[in-house]
Amino acid sequence: MGVLAYVAKRFGLYLAVLFIGLTITFMLPRLMPINPVDGYIGQIQSRANGTLTPEAIEEMRANLEVLYGLKGDILTQYFSYLKRVVIDFDFGPSFTYYPTEVSTMIVTALPWTLGLLLTSTMIAWLLGNMVGLVAGYFHKHKAASVLEFVGILLYPIPYYILAVTVLLLLAYIFPIFPLSPTFPVGEMTWAKVGMIIYNSLLPAITLVLAGFGWNILSMKALAVATTEEPYVTYARLKGASNWTRMTRYVFRNALLPQVTALALSLGMIFNGALLTEIIFSYPGIGLIMRTAATGGDYNVLYGAITLSILAVATAGLVIDLIYPLLDPRIRTK
Amino acid sequence: MSMDINNADPVALVVAPPVAGKPGRRKGGLLWLLNARLAVGLVILLVMGLGSFILPYFAPADPSVQATYMRNLPMSGVHWLGTNALGQDIFWFLVFAIKNSLMLGILVAVGVTIVATIVGLSAGYIGGAFERIVMLFVDTFITIPLLPILIILGALIRGNTSFFTVGLIIIIFGWAWDARTVRAMALSLREREFINMARFSGANTVDILAKDIFPYVSAYILVGFINTVLFAINTEATLAVIGLSKVEVPTLGSIIFWALSYNALFTGQYPWIVAPIVATVTLFLGLFLTSTGFNQAFASKRGVS
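These numbers come from a predicted model, not from an experiment.

Conventions used here
Residues numbered from 1 in each chain as written. Chains lettered and ligands numbered in written order. Predicted model: local features only at pLDDT ≥ 70, side-chain atom pairs only at ≥ 80, totals over all residues. Heavy atoms only, no water. Helix = DSSP H or I, 4+ residues; strand = E, 2+ residues; numbered from the N terminus. Buried < 20%, exposed > 50% of the residue type's maximum accessible area, 1.4 Å probe, protein only. Areas by Shrake-Rupley, 256 points an atom, 1.4 Å probe, with all protein chains shown as cover. Contact = heavy atoms within 4.5 Å. Buried area = accessible area lost by both parts, 1.4 Å probe. Salt bridge = Lys/Arg side-chain N within 4 Å of Asp/Glu carboxyl O. Polar contact = N/O pair within 3.5 Å; in protein donor to acceptor, adjacent residues only side chain to side chain. Patch = residues over 30% accessible without salt bridge, like charges linked within 9 Å, V, L, I, M, F, W, Y side chains within 5 Å. Lys, Arg positive; Asp, Glu negative; His and termini not counted. Charge placed at Lys NZ, Arg CZ, Asp CG, Glu CD. Phe/Tyr/Trp six-rings, centres within 6.5 Å; stacked < 30°, edge-to-face > 60°.

## Observations regarding the overall build of chain B
Then, number 1: Across its full length, chain B holds 11 helices and zero strands.
Then, number 2: Written out in order from the N terminus, the α and β elements of chain B read α-α-α-α-α-α-α-α-α-α-α.
Then, number 3: When the 305 residues of chain B are sorted by exposure, 56% land in the buried category.
Then, number 4: For chain B, the accessible surface area stands at approximately 12,700 Å², while carbon and sulfur atoms represent 70% of it.

Structure below.
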């Protein structure tokens, strides 16, 4: 019963997050004083050097309004939007790369983002927690404060600064990595895979460094608090070794809030990944969004943001569903 | 919360309770540590804050105006950090950038703190269905990735926005983390003995709020405030770096945006890109040390008394 109630509650939150997120995405452009359709027509008009007739413009406006679901009153628009997005996963064609479907573009970029994001988040999380555990468990040693210092130094540095610094250090001053990465397309061979990994290392290093500091700090604080618990003292009196106490007694208990924190900070991690992609020209969702934002390609933007909300909410759900496996208290309650 | 993306609040959230629970066993050593942290943080903030707010009065020219000087001058006595490819003095641009970023950060933090305190306290004290609905929104706003939304907004209003609109948008999408923290605080305070004690001794609600709750809450609010300043500066800078904020206004992000778009790295103009990096890291370290320093100081004070 305990687990069922937990899963049901968590799933309800998931649906609510999706619903509110999609509603915000729907409302945003309609609350803005700017009409994307006017923007397009202006762009096309200037490309045609103002040779379009008023009739042609009217026709184009009507077409665009149908295309972007701007026909009818706001409720009709809203429901057809939800239907298109949720049921058909259809965002219409891209404006810049007409007639490529937005969903095709997103599906092509998604593996890139997921690959980079999952790998670097896992590494940052595992490494950060291990270092934090050691720093917290041995907090009475002088050497441990050095580890914490690394966290303090890394944590407050914004992603974009980390990215630019990593670029400056590892691609310019010590030219180990390429300044402008190349990502081969087409069929995968081992050579290409190697090239992709090599070119992805810089953004990955940035993301790992960024996640690392936070994990060190919070794990250290948790481990310090857990080390003071009576059951750890009891384990020591029982004769359990330092290693056993650190891993089986302190780590397992300090891990739980870290899992919750990971689920909560997914949105921010995702933001960081987008930014990193933009700065390193890595061909994921972030780069697509950036290109679409400068080109005024709103269909692509809405597709990418909807997918972002969906991805982050789903990842959070998955982590929270794994949680009962780690925390026996939820299972038995 | 944020773009930081990697923003500040989670640490405050996670770090605070264990530190508070730590008994003053190593009081001597710990006190020295926390004072040092806070002191270093405050000194950095004081120097950068005062410097960036006073120096602009002595600026020889508005640094955001392009082509004031010769382009790409090296570092010299006249131009301490040289000039950039747009003919702006890098040193003065940086000073104005720090000032604008700090101002934006403080304004946003005021807004966020007000919204978060009202939402968080009311949710925590009223409870029931109201709390559940409010917390659903809070959790949603925390879950939804902020950057994509900001990118869309940036694309929509670009060019037609003022610097303060950017701040307003950050407030609208940035209050949720703090509201969550405040609510957690309100929940725990509701159950505390000393609140009941005060109530039974005949203190009225205003007295309790002013004398018992506020001193307790103010510490957290102060820490949350500093973290929000960090978050806001970071968020605006992030938008600026990808060119979706008001990049004509000097901020810590826009200076990097211009440096990157003029390929300062390729042309070897190190000061243009290194100076803002150093300034940002120093400022953020100062803010972070101040916030965690306060956190520890308050925690140990509560522990001692």
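Having seen the model, we can carry on.
## With respect to the interface of chain A and chain B
Then, number 1: Between chain A and chain B, the residue contacts involve 60 residues of the former and 66 residues of the latter.
Then, number 2: Of the roughly 5,700 Å² buried at the junction of chain A and chain B (both faces included), carbon and sulfur atoms supply 79%.
Then, number 3: Among the residues chain A hides against chain B, the three largest losses belong to A:Tyr155, A:Tyr160 and A:Met268. Together they make up 12% of the total.
Then, number 4: Joining chain A to chain B, the criterion identifies one salt bridge.
Then, number 5: One salt bridge in this structure joins A:Glu148 and B:Arg37, with 3.2 Å as the shortest N-O distance.
Then, number 6: Scanning the region where chain A abuts chain B turns up four residue pairs in polar contact (both at pLDDT 80 or more).
Then, number 7: Taken together, the elements giving at least two residues each to the side of chain A that touches chain B come down to α1 (2-31), α6 (142-154), α7 (159-173), α8 (190-227), α11 (266-280), α12 (285-295) and α13 (298-326) of chain A.

## Some remarks on a positive patch on the surface
Then, number 1: Taken together, the side chains of A:Lys238, A:Arg248, A:Arg252 and A:Arg331 make up a positively charged region of the molecular surface.
Then, number 2: Counting through the fold element by element, A:Lys238 comes out in helix α9 (residues 230-238).

## Some thoughts on the packing of aromatic side chains
Then, number 1: Under the criterion given, the structure shown has 13 aromatic pairs over all chains.
Then, number 2: Seen in terms of ring centroids, B:Phe141 and B:Phe173 are 6.0 Å apart; in terms of plane orientation they differ by 40 degrees. Their pairing is tilted. Linking B:Phe141 in helix α4 (residues 128-143) with B:Phe173 in helix α6 (residues 163-174), this pair joins segments that are 32 residues apart in sequence.
Then, number 3: Members of the aromatic cluster, connected to one another through ring pairs, are A:Phe26, A:Tyr78, A:Phe79 and A:Tyr81.

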